[in-house]
Structures are given as structure tokens and as C-alpha cells.
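The lines below spell out each chain.
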Amino acid sequence: KEMEAELDKLRLLENKLLLYPNPANTQLNIKYALQNNDIAELQLIDMLGNVQMRIALDAHNTQTSVNIQHLPIGIYSYRYLLNGVRKETGKLTIN
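Participant: Explain the sheet that holds strand β7 (residues 85-94) residue by residue, including any values.
Facilitator: In space, the four strands of this open sheet follow the order β4-β3-β6-β7, with antiparallel pairing throughout. Looking along the sheet, the strands with just one partner apiece sit at the ends: β4 (51-57) and β7. With direction set aside, neighbouring strand axes in the sheet form an average angle of 20°. As defined by bridge partners, strand β3 (residues 40-45) adjoins strand β6 (residues 74-82) across six bridges and the pair is classed as antiparallel. The partner of Q43 across the bridge, within β6, is R79.

Participant: An account of the pattern of salt bridges is requested, with residue identities and associated values reported.
Facilitator: Scanning all chains against the criterion turns up one salt bridge. The closest approach of N and O atoms between R54 and E41, which form a salt bridge, is 3.4 Å. Placement of R54 in strand β4 and of E41 in strand β3 is noted, with a sequence separation of 13 residues between them. For R54, a relative accessible area of 53% gives the class exposed.

What counts and how
- Residues numbered from 1 in each chain as written.
- Predicted model: local features only at pLDDT ≥ 70, side-chain atom pairs only at ≥ 80, totals over all residues.
- Heavy atoms only, no water.
- Pairing = 2+ DSSP bridges.
- Helix = DSSP H or I, 4+ residues; strand = E, 2+ residues; numbered from the N terminus.
- Axes fitted to C-alpha atoms, helices over the stretch in contact; angles between N-to-C directions.
- Salt bridge = Lys/Arg side-chain N within 4 Å of Asp/Glu carboxyl O.
- Buried < 20%, exposed > 50% of the residue type's maximum accessible area, 1.4 Å probe, protein only.

In C-alpha cells:
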């Protein structure tokens, strides 16, 4: 557990974004690090390439939780945009 927490901290520092749990069920937790004037968005994209959810990330916070239980079970891509520039992409499983 302690090692996992340290790895999560390193990932957050490196990417400035951490999504958990993965796979997710009803709730998705997002940790992030932004500067004061940053504008950030997380997009959840289904396998057909449709954006199913857009989550605005507030620069005054460092984490948020969103309800995802309305999304169908499946594998999604996520896209992290910072000031309009794609910074990270990855996969998220919802079960």
C-alpha cells in the first residue's frame, strides 16, 4: 500500500493527473495539479470516438470526484487538456 501511494505521488508529479479507481464503477476520483490561470478539462471518450463526458477541472482545487454510473460498462479513452493542449491520454475501464 505504501509503495502504491508513493507511485501515485510520482505519477501525479510527472503527469499532473491521476485517475482512480481503474477499473471504476460508480465514482471516478481525479487528482490534479494546476497553476492559478490554467484551464483544464478531462474528456471521457467511448470506443466509437464520441465524447461521453466533459469534466472541467478547477484550478483552485487539487481533486474532484464525479458520478459515472450513467455511463455504460466498457472501455473508455480519456483525454486531459491543459490550456487547450492535449497533455495526456489513457484508458479507463467502467464495470
